[in-house]
Amino acid sequence: MSTALLFSLTGAALFVMGVAGLLLQPHLLRKIIAFNIMGSGIFLILVGLGQRGGSPDPVSQAMVLTGIVVSVAATGLALALARRLLDLTGKMQLPVPGEDAARDGPDA
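Note that the coordinates shown come from a computational prediction; the quantities given were computed from them, not determined experimentally.

Each helix and strand counted, the protein chain has four helices and two strands in total. Starting at the N terminus, the α and β elements of the protein chain follow one another as α-α-β-β-α-α. Taking 108 residues into account, the globule formula puts the C-alpha radius of gyration at 13 Å, and the protein chain, at 19 Å, lies well above it. Counting only C-alpha atoms and orienting by the principal axes, one finds that the protein chain spans roughly 70 × 25 × 15 Å. Out of the 108 residues belonging to the protein chain, those deemed buried represent 21%.

Set out below in structure tokens:
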């Protein structure tokens, strides 16, 4: 098994785990962590696919490095928005559309 195949398979496994966490976890912080795991899987796939003949491709490495920087910035923004949601609602879960209207009743 080559290194590129190992990176690609590990990246695919991380991506699937991230998607499962994103869909199955109701807590917002866990969703943010699952989103980061998905991104790490994509980065590993890009590194694995970016090897040609045993030597790494500098373009794919530059794309991964840029993606890591963007991922850190997006995580910071997501955490700031999650903190704001916690301050406003007191919960770390996204509001469900129609849940407030059903609770308030038709006269509200």
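Now that the structure is up, let's keep going.
What follows covers the packing of helix 2 (residues 28–49) against helix 3 (residues 58–89). Working note: a packed helix pair is described by the angle between its axes plus the distance between those axes. Packing of helix 2 against helix 3 leaves a shortest axis separation of 10 Å and a crossing angle of 175°. By the angle between their axes, helix 2 is roughly antiparallel relative to helix 3. Residues Leu 28, Leu 29, Ile 32, Asn 36, Phe 43, Leu 46 and Val 47 of helix 2 form the contact with helix 3, whose participating residues are Ser 60, Met 63, Val 64, Gly 67, Ile 68, Ser 71, Thr 75, Ala 78, Leu 79, Ala 82 and Leu 85. Residue classes in the contact of helix 2 with helix 3 are distributed as 13 nonpolar, five polar and no charged.

Bringing the packing of helix 1 (residues 3–24) against helix 2 into the picture now. The N-to-C vectors of helix 1 and helix 2 enclose an angle of 160°; their axes lie 7 Å apart at closest approach. In terms of axis orientation, helix 1 runs roughly antiparallel to helix 2. When the axes of helix 1 and helix 2 are compared, the crossing they make is left-handed. Residues Ala 4, Phe 7, Ser 8, Thr 10, Gly 11, Ala 12, Leu 14, Phe 15, Gly 18, Val 19, Gly 21 and Leu 22 of helix 1 pack against Lys 31, Ala 34, Phe 35, Ile 37, Met 38, Gly 41, Ile 42, Leu 44, Ile 45, Val 47, Gly 48 and Leu 49 of helix 2. Residues of the contact of helix 1 with helix 2, tallied by class, amount to 16 nonpolar, seven polar and one charged.

Parameters at a glance
- Residues numbered from 1 in each chain as written.
- Predicted model: local features only at pLDDT ≥ 70, side-chain atom pairs only at ≥ 80, totals over all residues.
- Heavy atoms only, no water.
- Helix = DSSP H or I, 4+ residues; strand = E, 2+ residues; numbered from the N terminus.
- Rg over C-alpha atoms; globule rule 2.2 N^0.38 Å.
- Buried < 20%, exposed > 50% of the residue type's maximum accessible area, 1.4 Å probe, protein only.
- Axes fitted to C-alpha atoms, helices over the stretch in contact; angles between N-to-C directions.
- Parallel < 35°, antiparallel > 145°, perpendicular 65-115°, else oblique.
- Contact = heavy atoms within 4.5 Å.
- Nonpolar A, V, L, I, M, F, W, Y, C, P; charged D, E, K, R; others polar.
- Left-handed = near helix turned anticlockwise from the far one by under 90°.

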